[in-house]
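Topology and contacts: notes
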Amino acid sequence: MTELLSFFAAPAEYCRTATAAQWTAFLQQARQQGMTARFYFVLNQLDLLDAVPEQVVEHGLSGALYAQKQQHMLFYELSLLEPLITALPFPCLLLKGAAYRALALPVSFGRLFSDIDLLVPAEKLKLVRDKLFFLGFQEIKLNAYDRDYYLNWSHQNPPLVHYQRGTVIDLHHHIYPSASAKKINILPLFDNAAAMAGSDIKVPSYPHLFIHAAVHLFYQEESHKLVKDLIDLNDLLNLLGTEQELSALQQQSKLMSVQNAVSDACRVLARLFDNTQADRYLQLHGLQKTPSLASFLIIKMLGGKKSSRWLAHQLWYIRGHMLKMRLQVLLYQTAAKPLHAVWRWVSGKS
């Protein structure tokens, strides 16, 4: 388990026992995962600022001030988008980090943003993209192959960047790539979304926020933000405080056909954070705490010998790609991209 995970699993205990070397490693990991401001908010919330070295507090405070500036920028951008979203005769949902921050959830305190994620029905994607164009958003420059990949195989439009402010919008029509053989039903996301207080902008329900985060982690090949993603999941699960909410989580994951991602997330959270909600979820639905392949690989990527960590990362990468793409699509993309690059070089377009 990393220093960062140890801190978020038991902040007071970590502050009491951590050595100077551990704090150094902790700060390095916090910077790598974009969690510098996040740990400062935890220290402040638990009244632990006086229990850590002054240099650690200074790093955290610097990150917190930057996160606060980003928060103001986010709300400003949402205020500019609201008239457009209000006028749409179909749902447009705020997702991921922007939704966490807009709802002022604990998981968002000190969170850094790189973009604003919006989800619209697939058949309305072009309409919303065109409307965003007239607000000053344009697609990033991509070659023909990459743009075709976004539009035909992924779950979103190429990123849209505002020509003046540099704000990035990721416009989604799904939460999982079209190229996958796995079919995820996202209608429950729209059906259970609710407008934020004082706004017409809608956000997913708490169970669906957790489900989306679990899908994002457990059905993908990336692992560079693994620790951050797990800490996010831990905070999101803690929002579901009753058996009724945990039952809703199970029911909605079944409706969406993503039960494995949710149960695997709970297995890992019970192991790493001793999360009581994760334990309750598994017990309530008669699920074993014994690690599945996915949860086993997660644990191995975070600990153990260097060779086993390396192997776990490779298996995770292969598993993720096989989930995200049907075999024939994976073989096509594996061959097509290098061939397209060679063609561009030969034709002098590189």
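Preceding this section is the structure that the text describes.
Right, let's walk through the structure included here. (Residues numbered from 1 in each chain as written. Predicted model: local features only at pLDDT ≥ 70, side-chain atom pairs only at ≥ 80, totals over all residues. Heavy atoms only, no water.)

Comments concerning the packing of helix H15 (residues 293–302) against helix H16 (residues 306–324)
Where H15 meets H16, the closest approach of the two axes is 8 Å, and the angle between their N-to-C directions is 140°. One finds that H15 runs oblique with respect to H16. Note on packing geometry: the crossing formed by H15 with H16 is left-handed. Contacts between H15 and H16 pair Ala294, Leu297, Ile298, Lys300, Met301 and Leu302 from the former with Ser308, Arg309, Ala312, His313, Leu315, Trp316 and Arg319 from the latter. (Axes fitted to C-alpha atoms, helices over the stretch in contact; angles between N-to-C directions. Helix = DSSP H or I, 4+ residues; strand = E, 2+ residues; numbered from the N terminus. Parallel < 35°, antiparallel > 145°, perpendicular 65-115°, else oblique. Left-handed = near helix turned anticlockwise from the far one by under 90°. Contact = heavy atoms within 4.5 Å.)

A word on the layout of surface pockets
Roughly 410 Å³ of volume is contained in the second largest pocket. As for the second largest pocket, its lining consists of 19 residues, and the residues nearest its centre are Phe8, Val42, Asn234, Asp235 and Asn238. Of all the secondary-structure elements, those providing two or more residues to the lining of the second largest pocket are helix H1 (3–9), helix H4 (36–45) and helix H11 (226–237). The element best represented in the lining of the second largest pocket is H4, accounting for four residues. (1 Å grid on protein atoms, 1.4 Å probe; cavity = no way out; pocket = protein on both sides within 12 Å on 5 of 7 lines; lining within 4 Å. Points joined across faces, edges and corners; volume = space filled by probe spheres on them.)

Remarks on the packing of helix H12 (residues 243–256) against helix H14 (residues 276–284)
Close contact between H12 and H14 brings their axes to 10 Å; oriented N to C, the two are set at 65°. When you trace H12 past H14, the crossing you get is right-handed. Taken together, the residues of H14 that come into contact with H12 (itself represented by Glu243, Leu246, Ser247, Leu249, Gln250 and Ser253) are Gln277, Arg280, Tyr281 and Leu284. Classifying every residue of the contact of H12 with H14 by side-chain character gives four nonpolar, four polar and two charged. (Nonpolar A, V, L, I, M, F, W, Y, C, P; charged D, E, K, R; others polar.)

Description of the pattern of salt bridges
Under the counting rule described, the total for this entry stands at 12 salt bridges. For Arg267, the salt bridge goes to Asp264, with nearest N and O atoms at 3.1 Å. Of this pair, Arg267 and Asp264 both sit in helix H13 (residues 259–273), three residues apart, which is roughly one turn of the helix. The pair Arg267 / Asp264 is uniform in exposure class, with both members buried. (Salt bridge = Lys/Arg side-chain N within 4 Å of Asp/Glu carboxyl O. Buried < 20%, exposed > 50% of the residue type's maximum accessible area, 1.4 Å probe, protein only.)

Let's talk about the side chain of Asp264
For Asp264, a relative accessible area of 6% gives the class buried. A polar atom in the side chain of Asp264 sits 2.5 Å from the side chain of Ser292. Setting aside residues up to four positions removed in sequence, Asp264 forms contacts with Phe218, Ser292, Ala294 and Ser295. (Polar contact = N/O pair within 3.5 Å; in protein donor to acceptor, adjacent residues only side chain to side chain.)

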